[in-house]
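Spelled out, the chains give:
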Amino acid sequence: SDIHALQLLLRMSRVKSTDNRPDRFVPVFELNLVKADGERVHVITYSRREKAREDAYTLSDRLHVPIWDGIDG
């Protein structure tokens, strides 16, 4: 009852190089719970956008809360 929404976000995660090359950045997708008081609670980080959205829709359906999908901007 304290969960207000699910939040999907895109962020860039650094992958450190082990062979003297520059670090690279890869997109990752975060799923967070948004509580009624506005606090965000990180749930999981995904490497695949489709899986993040699939899980968010499943949880949204079961918890009866909206999804705030900020992946595409």
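Above this note sits the structure.
Residues numbered from 1 in each chain as written. Predicted model: local features only at pLDDT ≥ 70, side-chain atom pairs only at ≥ 80, totals over all residues. Heavy atoms only, no water.

## A short note on the pairing of strand β2 (residues 24-35)
Next up, step 1: The sheet contact formed by strand β1 (residues 3-15) and β2 spans twelve bridges and is antiparallel. Looking across to β2, one finds that Leu8 is bridged to Leu31.
Next up, step 2: In terms of strand pairing, β2 meets strand β3 (residues 40-46) through six bridges, oriented antiparallel. Residue pairing for β3: Leu33 is matched across the bridge by Val41.
Next up, step 3: Hairpin geometry of β2 and β3 is characterised by an intervening segment of four residues between the two adjacent antiparallel strands and by a positive phi of about 95 degrees at Gly38. (Pairing = 2+ DSSP bridges. Helix = DSSP H or I, 4+ residues; strand = E, 2+ residues; numbered from the N terminus.)

## Examining helix α1 (residues 49-63)
Next up, step 1: A rise of 1.5 Å per residue sets the reference length of α1, with its 15 residues, at 21 Å; its end C-alpha atoms lie 21 Å apart and thus fit the reference within 8%.
Next up, step 2: Among all positions in α1, only Ala52, Arg53, Ala56 and Ser60 are buried. Relative to the axis of α1, the buried residues are bounded by an arc of 90 degrees and lie together on one face. Residues Glu50, Asp61 and Arg62 are exposed on α1 and point more than 90 degrees away from its buried face.
Next up, step 3: Lining the buried residues of α1 we find β1, β2, β3 and β4 (67-70).
Next up, step 4: Positive phi shows up at His64, right after α1, with a value of about 60 degrees. (Expected span 1.5 Å × (residues − 1). Buried < 20%, exposed > 50% of the residue type's maximum accessible area, 1.4 Å probe, protein only. Arc of directions from axis to C-beta. Contact = heavy atoms within 4.5 Å.)

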